[in-house]
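# An overview of the molecular structure
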Amino acid sequence: MTDIDRFYIDGAWVAAQGVQTMPILNPATNSQIGILTLGDTADVDGAVAAAKAAFESWGFTPKAERRAFLARLLAISKAREEEMAQAITAEMGAPITLSREQQAASGTGHLRAFLDAFDAMQEEETLPNGDILSYEPIGVCGLITPWNWPVNQIALKVIPALAAGNTCVLKPSEHTPLSARLYAEMIHEAGFPKGVFNLVFGDGPTVGSALSKHPDVAMMSFTGSTRAGISVTRNAAESVKRVALELGGKSPNIIFADADLEARVPEGVFECFSNSGQSCNAPTRMLVERSVYDDAVALAAQAALSQAVGDPLKEGDHIGPLFDQIQYDRVQAMIQKGLDEGARLVVGGTGKPDGFETGWYVKPTLFADVTNDMAIAQQEIFGPVLVMIPFDSEDDAIALANDTPFGLDAYVSTADEARALRVVRRLRAGGIHINGRATDYGSPFGGFKQSGNGREGGAHGLTEFYEVKVRPPFQP
C-alpha cells in the first residue's frame, strides 16, 4: 500500500490541507494499492504563492544555468526509467514492455529533444527593421495532465515551462499519482530552486478549477477531454490567461488500393489497439478504398483476432486493461451503440475476454461497414475499438477523413508520392503519418478544430511558454 498525503510545494514535501481521499487502484486486479489525499483551494494557493515568489529569481536566471538543471534531470530520468515504468504499469495498466519502451522512455525522449531545441533557440534577435525582439518567460504556469500517457504529458509541459524561465504548478491526473510523485522526486534530486516546480494532487472540479481561475497564474496548459478543456478555457477567461489545449481525436487512417495492404492494414489495427486504445491520436477510423475493402476487412479481422490480451506485468506486445471501471463502462456502452446502429461486428464485442473476468479488460473489437455518421465513427471511444469505412475516390476519402469535430492526427498509405502529398495538404489534422511512419521527438504535436490549440514538443512546444517583447535599439 502506498499512501500519498503530501504535496511538493516550495521545494519540500508538505502535508496536504485537503482532507478528501480516494483509493489508488491497480486496473489489472481491481485491487487497492494505496490512498491519495486530494488537495483543495488552500493547497493551490500555497503552491501558486511559492511559484510566484520563485519566479522573481528563476525568471532572470541565465539560459546556461537553466540548461544545466535540465541536463541533470535528464541523467536522473534515465537512471530511474525502470521505476517510472513500474509505476505506470501499476497505476494505469500499461503492459510493462510498453511502459518501458514508450511510456517511461517518453520522459527522457522529450527532454533530449527539448534540450536540442533550447540550444538552438536565440532568446533575443534583431528584426529586419532594426528593432530588438526578446523572448521572455510568461510567469506562473498551471499544468494539468492526463492519466493515459502520464509522464509523456508531464514532460511535454514541465520541461519547456522551466526551460523558458517560468515557474509552475502541476496538477497531474489523480488516477496516476505514483508516476507524478516520482517525477517530483527527480526534479528535487536535480536541485531546481525551491518554488520553481510545485505539485498538487486533486480532481478537476476542485484543484483544476482553482488553478485555472487563479489570478496569479499567467498561463494554463491542459491535456485531456474536449469537455474539460472547454471548462479550463472558461475559467481562465476571467483573468485573460494564455491557454494551450491538447484534446481528443478520432484520427482517420486512409488506405488506398495501391498501398501494401498486408503491412499497412495489420499495422493500423495494432496501432489503434496499442495502449488498450487509450491514446488521443490512435487511428480509430480505417478508411479503405472500395476496390480492396473486402480484402482489408479480412486482413484486419486476422490481425484483431491475433491481438493478445494479458497481464501487464508480463513482457510482450499484448494489451492490458482499461484504466478503471468508468472507462470500461464507457467503452462497453460505445460497443453496444455500434451494434445498435447496425455496424457489422467482425471481431470482439461487449464483455470481457475469456479468462480476464477480474480487472477492466476489453475484447479487441473490430466493426466493418460503418458509416461516418454513426456514433462509433464520430465519438472518441478510448478503447481497443476500430471502425472500417469504405471510400470510392480520393476526394471521398478526404471528405470522410475531415468529417469529424476533431483534427489531431491522420494516417495515409499509398504507393503514389504525389497523391500522398496532395491528400496530406488537404487533411485538417496537426500530425500526419505516411505509410506507417510517424514523426519523432522534437516535432510539434497538437491538433486542429476541437483537438485543441497550440503545440507541444520541440521548438514549437518551447515557444508556447515564452512571451514576446520588442524594443528599438538604444540610442543616447
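Before any of the text, the structure's been laid out above.
Residues numbered from 1 in each chain as written. Predicted model: local features only at pLDDT ≥ 70, side-chain atom pairs only at ≥ 80, totals over all residues. Heavy atoms only, no water.

### Concerning the overall build of the protein chain
- Counting its secondary structure elements, the protein chain contains 15 helices and 21 strands.
- Computed over its C-alpha atoms, the radius of gyration of the protein chain comes to 23 Å, within 12% of the 23 Å expected for a compact globule of 476 residues.
- Among the 476 residues that make up the protein chain, the fraction classed as buried is 59%.
- Of the contacts made within the protein chain by residues no fewer than 6 positions apart, 73% connect residues no fewer than 24 positions apart.
- With the model as given, the accessible surface of the protein chain reaches about 18,900 Å², and the carbon-plus-sulfur share is 51%. (Helix = DSSP H or I, 4+ residues; strand = E, 2+ residues; numbered from the N terminus. Rg over C-alpha atoms; globule rule 2.2 N^0.38 Å. Buried < 20%, exposed > 50% of the residue type's maximum accessible area, 1.4 Å probe, protein only. Contact = heavy atoms within 4.5 Å. Areas by Shrake-Rupley, 256 points an atom, 1.4 Å probe, with all protein chains shown as cover.)

### Brief notes about the nonpolar core
- If you look at the biggest cluster of nonpolar residues, it comprises 90 residues, and the most contacted ones within it are Tyr183, Phe192 and Phe197.
- Each residue touching Phe192, except ones within four places of it in the same chain, is listed here: Trp58, Phe69, Leu70, Leu73, Leu162 and Ile187.
- If you look at the next biggest cluster of nonpolar residues, it comprises 32 residues, including Phe256, Met374, Ile398 and Leu400. (Core = buried A, V, L, I, M, F, W, Y, C linked by side-chain atoms within 4.5 Å.)

### Focus on the sheet that holds strand β1 (residues 2-4)
- Pairing is mixed in the open sheet, where 3 strands are placed in the order β1-β5-β4. Across the chains shown, the open sheet's two edge strands, defined by having one partner strand only, are β1 and β4 (21-26). Across the sheet, the mean angle from the axis of one strand to that of its neighbour is 25 degrees, orientation sign disregarded.
- Sheet topology note: the β1/strand β5 (residues 31-37) ladder contains 3 bridges and is parallel. Bridge pairing links Ile4 to Leu36 in β5. (Pairing = 2+ DSSP bridges. Axes fitted to C-alpha atoms, helices over the stretch in contact; angles between N-to-C directions.)

### Here we look at the pairing of strand β13 (residues 252-255)
- By the alternation rule, side chains of β13 split into Pro252 and Ile254 and Asn253 and Ile255, which are all buried.
- Here β13 pairs with strand β14 (residues 285-289) via 4 bridges, running parallel. In the sheet register, Pro252 faces β14, and the bridge partner there is Arg285.
- Read as a crossover between parallel neighbours, the route from β13 over helix α9 (residues 261-273) to β14 is right-handed.
- One ladder, built from 3 bridges, connects β13 with strand β18 (residues 409-413); its direction is parallel. Counted as the bridge partner of Asn253 is Tyr411 from β18. (Right-handed = clockwise from strand over helix to strand, strands pointing away.)

### Considering the packing of α9 against helix α10 (residues 293-306)
- Running from N to C, α9 and α10 point in directions that differ by 45 degrees, and their axes come no closer than 9 Å. Of the possible angle classes, the one that applies to α9 and α10 is oblique. In this structure, α9 meets α10 at a crossing whose hand is right-handed. For the pair formed by α9 and α10, the contact residues are Leu261, Glu262, Val265, Pro266, Val269, Phe270 and Phe273 on the first element and Asp295, Ala296, Leu299, Ala300, Ala303, Ala304 and Ser306 on the second.
- Residue composition of the contact of α9 with α10, grouped by class: 11 nonpolar, 1 polar and 2 charged. (Parallel < 35°, antiparallel > 145°, perpendicular 65-115°, else oblique. Left-handed = near helix turned anticlockwise from the far one by under 90°. Nonpolar A, V, L, I, M, F, W, Y, C, P; charged D, E, K, R; others polar.)

### Brief notes about empty space enclosed by the protein
- The tally for this structure, following the rule as stated, stands at 5 cavities of 30 Å³ or more.
- What lines the largest cavity is a set of 15 residues, among which Ser221, Ala244, Arg455, Glu456 and Glu464 lie closest to the centre.
- Listed by contribution, the elements that provide at least two residues to the lining of the largest cavity are α5 (150-163) and β12 (242-246).
- The greatest single-element share of the lining of the largest cavity, amounting to 3 residues, is contributed by β12.
- Across the lining of the largest cavity, the residue classes break down as 5 nonpolar, 5 polar and 5 charged. (1 Å grid on protein atoms, 1.4 Å probe; cavity = no way out; pocket = protein on both sides within 12 Å on 5 of 7 lines; lining within 4 Å. Points joined across faces, edges and corners; volume = space filled by probe spheres on them.)

### Details of the pattern of salt bridges
- Inspection of every chain in the model, using the stated rule, returns 20 salt bridges.
- Here Arg66 makes a salt bridge to Glu123, at a shortest N to O gap of 3.2 Å. Here Glu123 lies in the loop between α4 (96-120) and β6 (124-126) and Arg66 lies in helix α2 (residues 63-79), a separation of 57 residues in the sequence.
- Between Asp258 and Arg419 there is a salt bridge, and its shortest N-O distance comes to 3.0 Å. Taken as a pair, Asp258 in the loop between β13 and α9 and Arg419 in helix α14 (residues 417-426) lie far apart in primary sequence, 161 residues in all.
- Accessibility expressed as a relative area gives 32% for Asp258, which makes it partly exposed.
- Residue classification places Arg419 among the buried residues on the basis of a relative accessible area of 15%.
- Three or more residues are tied together by salt bridges with common partners; here these are Arg80, Glu83, Glu185 and Glu189. (Salt bridge = Lys/Arg side-chain N within 4 Å of Asp/Glu carboxyl O.)

### Comments concerning unusual backbone geometry
- Phi is positive for Asp369, close to 55 degrees, though the residue is something other than glycine.
- Positive phi, normally seen in glycine, also occurs at Phe382, with a value near 60 degrees.
- Among the residues examined, Phe382 registers a relative accessible area of 15% and is labelled buried.

### Notes on the packing of aromatic side chains
- Within the structure shown, the criterion is met by 12 aromatic pairs.
- With a centroid separation of 5.4 Å and 80 degrees between ring planes, the pair formed by Phe256 and Phe391 is classed as edge-to-face. Taken as a pair, Phe256 in the loop between β13 and α9 and Phe391 in strand β17 (residues 385-391) lie far apart in primary sequence, 135 residues in all.
- A relative accessible area of 1% means that Phe256 is categorised as buried.
- Above the face of the Phe118 ring, Lys63 is positioned so that its terminal group lies 4.9 Å from the ring centre. (Phe/Tyr/Trp six-rings, centres within 6.5 Å; stacked < 30°, edge-to-face > 60°. Lys NZ or Arg CZ within 6 Å of the ring centre and 35° of its normal.)

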